[in-house]
Amino acid sequence: MEGEMSQRLGQLMLLGMLLAMASATNSSLAFQGNEYLNGIPERFDETQLWRVHNMSDAMLQSIPVGQVLEEKFGGNIWKENSKFLDVSIGKEHVKAARSFLQAHRLDAEVLSDNVQSLIDQELLEGIQATQAQPGARSKKASRSGSGMHWKDYHDLETIYAFMREIRAKYPNICRLYTIGQTAEKRDLKVLRISENPREFKKVWIDGGIHAREWISPATVTFILYQLMHNWENQPAHIRGLTWYIMPVMNPDGYEYSRTTNRLWRKNRSASRRTNCFGVDLNRNFDIGWTGFGSSKDPCSDVYRGSAAASELETKAVSDFLAKRKYNLEAYLTYHSYGQMVVYPWAYKAVKVKDSSVLQRVASTAVDRIAQKTGSSYTAAVTHEVLGIAGGGSDDWSRAALGVKYVYTIELRDRGTYGFVLPPKFIKDTALEGWTVAETVAQSIG
Ligand SMILES: [Zn+2]
């Protein structure tokens, strides 16, 4: 934790230095495209976050608005569905991008006029939250060796230390797997919790498929904590299951989003054809892989990869789960943002035959969330609310493994901060994520 803290303080100091340098030399620190100087974080000063409304009108006019904003105006798509498009546009492209939208009678609402200030605020708030009372901190630290808490976001090493700590505390029911390695040689880790791995029904939970969705690994580690801090007193529907928990499916991307580009989405594998990096892991699974909602362009944020399961992360998870599909009853994958609990299909505009069961369980979870934290989530079929997209891990688990309870949980918020959710919201959001897991576990019975 000490190391993590000083690393973040260092980052904040570096930000200040860069600001001073940038104002002195003006344009010398403007980075283009996907490549940055090693170790220097990309900045988003005066980058605006827009919500483009009436996307159905654009569809009627057959204008690929998102694609044009991405390719012509360097836009970064945060969220796209049938109703609206959230996209961030760099300062230098704001004027031209606005003209383009106006030419097509589309309106952009400015959600933020400075993405960098959101990022700086997130960093500062996290540091302040963990520095609170000096006495309280050392007390907490002695209770938990890994230094895990939910007042701030953590680096990969802290998350892995937390997983090791749980295994050490419950060696008889925990097993820690390294299921593979990434392109940058980081371990892919899964923790299994079970009192009877041969017979109990299984639940898989993952987070961090998309690097910038920091609330996702934070929520999955919180779920792990909720399960384990009081394991002996958990009800039968929790203790009677085998839990597989993978807080970070995309460790390279996650670390890259922490050190270099806060808005990074993909993994970090090199492309053979271009200088662009990364594959969207949630477009890389072997289901509807060449279909809608993904791109064959390695520079796109939704690049599907050179083949289905071409990526080390996708392959490791697919192989691990395929070997354990017997009794696998639930597949839960945590993303952000949008506040939704959605179920298959995503790759085609069809409902699964037991969709009424899936809808009922999702609705129960959503009702319980409203009671617990007051947040309003939506329960729905994926393709109806998020649009059609192939290659998703959720669809794959249903199609290839026959898992019944398949849910993608889009955590907070609804667009105020988007991916850059301030640390003060972590605990309640994580509780919402836990509520979904708990509700699904109860339904398995
Ligand atoms: Zn995501």
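Since we're looking at a predicted model, the values are computed, not measured.

Rules behind the numbers
- Residues numbered from 1 in each chain as written.
- Predicted model: local features only at pLDDT ≥ 70, side-chain atom pairs only at ≥ 80, totals over all residues.
- Helix = DSSP H or I, 4+ residues; strand = E, 2+ residues; numbered from the N terminus.
- Contact = placed C-beta atoms within 7 Å.
- Buried ≥ 20, exposed ≤ 12 C-beta atoms within 10 Å, placed from the backbone.
- Pairing = 2+ DSSP bridges.
- Right-handed = clockwise from strand over helix to strand, strands pointing away.
- Axes fitted to C-alpha atoms, helices over the stretch in contact; angles between N-to-C directions.
- UniProt positions renumbered as here; feature names shortened; annotations may be inferred.
- Left-handed = near helix turned anticlockwise from the far one by under 90°.
- Nonpolar A, V, L, I, M, F, W, Y, C, P; charged D, E, K, R; others polar.
- Core = buried A, V, L, I, M, F, W, Y, C linked by C-beta atoms within 7 Å.
- Domains from an automatic or database assignment.

(A) Structural context of the overall build of the protein. Within the protein, the secondary structure is distributed over 15 helices and twelve strands. Taking contacts inside the protein between residues at least 6 apart in sequence as the whole, the part at least 24 apart equals 75%.

(B) Representation of the pairing of strand S10 (residues 340-343). Residues of S10 alternate between two faces, with Met340 and Val342 on one and Val341 and Tyr343 on the opposite face, all of them buried. Alignment of S10 against strand S11 (residues 378-381), held across four bridges, turns out to be parallel. Pairing of Tyr343 across the sheet is with Val381, part of S11. As for the winding sense of the linkage, the β-α-β connection from S10 through helix H12 (residues 355-373) to S11 is right-handed. Sheet topology note: the S10/strand S12 (residues 405-411) ladder contains three bridges and is antiparallel. Its bridge partner being in S12, Val342 is matched across the sheet by Thr408.

(C) Up close: the sheet that holds S11. The sheet built from eight strands is open, its strands ordered S5-S6-S8-S7-S9-S12-S10-S11 with mixed pairing. The sheet is open, and its two edges are formed by strand S5 (174-181) and S11, each paired on a single side. Recorded for the sheet is a direction-independent mean angle of 20° between the axes of neighbouring strands. Along the sheet, helix H11 (residues 312-322) makes contact with S5, strand S6 (187-193), strand S7 (201-206) and strand S9 (328-336), crossing S5 at roughly 135°.

(D) Molecular detail of the sheet that holds strand S3 (residues 85-89). Spatially, four strands are ordered S2-S3-S1-S4 in an open sheet, and the strand pairing comes out antiparallel. In this open sheet, the two edge strands, each paired with only one partner strand, are strand S2 (76-80) and strand S4 (108-112). When the angles between neighbouring strand axes are averaged without regard to direction, this sheet yields 25°. In this structure, strand S1 (residues 48-52) lies alongside S4, joined through four bridges in antiparallel fashion. Residue pairing across strands places Trp50 opposite Val110, the latter belonging to S4. The strands that helix H3 (residues 65-72) touches are S1, S2 and S3; relative to S3, the one it contacts most, it runs at about 10°.

(E) The UniProt feature "active site" (unreviewed entry) in the protein, seen in detail. As recorded in UniProt, the feature "active site" (unreviewed entry) lies at Glu410. By the secondary structure assignment, Glu410 is in strand S12. According to the C-beta neighbour criterion, Glu410 is buried, with 22 such atoms within 10 Å. Those residues within four positions of Glu410 in sequence are excluded, and the remaining contacts are His335, Ser336, Tyr337, Gly338, Gln339 and Met340.

(F) Inspection of unusual backbone geometry at higher detail. A cis amide bond links Pro344 to the next residue, Trp345, at an omega of 5°. The residue Trp345 is located in the loop between S10 and H12 in this model. Arg412 connects to Asp413 through a cis peptide bond whose omega is 0°. Of note, Asn327 is a non-glycine position whose phi angle comes to about 70°, a positive value. Tracing the backbone through its elements, the reader meets Asn327 in the loop between H11 and S9.

(G) Spotlight on the packing of helix H8 (residues 215-228) against helix H15 (residues 426-444). For the pair H8 and H15, interaxial distance at closest approach is 8 Å and the crossing angle is 65°. As for the relative orientation of H8 and H15, their crossing is right-handed in sense. From H8, Ile215, Ala218, Thr219, Phe222, Ile223 and Gln226 reach across to H15, where they touch Ile426, Thr429, Ala430, Gly433, Trp434 and Ala437. Classifying every residue of the contact of H8 with H15 by side-chain character gives eight nonpolar, four polar and no charged.

(H) Fine view of helix H14 (residues 393-401). Within the span of H14, buried status applies to Ser393, Asp394, Asp395, Trp396, Ser397 and Arg398. Of the residues trailing H14, Gly402 is marked for its positive phi of about 70°.

(I) Broad picture of the environment of Tyr153. Counting through the fold element by element, Tyr153 comes out in the loop between helix H6 (134-143) and helix H7 (156-169). Tyr153 sits in the buried class, given 22 other C-beta atoms within 10 Å. Distance in space between the C-alpha atoms of Tyr153 and Pro422 is 9.5 Å, their sequence separation being 269 residues.

(J) Inspection of the environment of Gly418 at higher detail. Structurally, the position occupied by Gly418 is in the loop between S12 and H15. On the basis of neighbour counts, which here come to 25 C-beta atoms within 10 Å, the residue Gly418 falls in the buried class. Remark: the alpha-carbon pair of Gly418 and Gly338, spanning 80 residues in sequence, is separated by 8.1 Å. Ignoring anything within four residues of it in the chain, the contact list for Gly418 reads Leu49, Trp78, Asp86 and Tyr337.

(K) Structural view of the nonpolar core. Ranked by size, the top nonpolar core spans 109 residues in total, and within it Ile205, Ile245, Leu332, Val341 and Tyr407 carry the most contacts. With eight residues, H8 is the largest single contributor of residues to this core. No fewer than three residues from each of domain 1 (2-118) and domain 2 (146-444) sit in this core.

(L) Summary view of H11. Every buried residue belonging to H11 is among Leu312, Glu313, Thr314, Ala316, Val317, Ser318 and Leu321, and all of these are buried. Looking at the buried residues of H11, the elements they touch are S5, S6, S7, S9 and H14.

(M) How the structure looks around the packing of H12 against H15. Interaxial distance between H12 and H15 falls to 9 Å at its minimum, and their mutual angle equals 140°. Once H12 is placed against H15, the crossing between them reads as right-handed. Judged by residue contacts, Val361, Thr364, Ala365, Arg368, Ile369, Lys372 and Thr373 of H12 engage Asp428, Leu431, Glu432, Thr435, Val436, Thr439, Val440 and Ser443 from H15. Per-class residue counts for the contact of H12 with H15 are six nonpolar, five polar and four charged.

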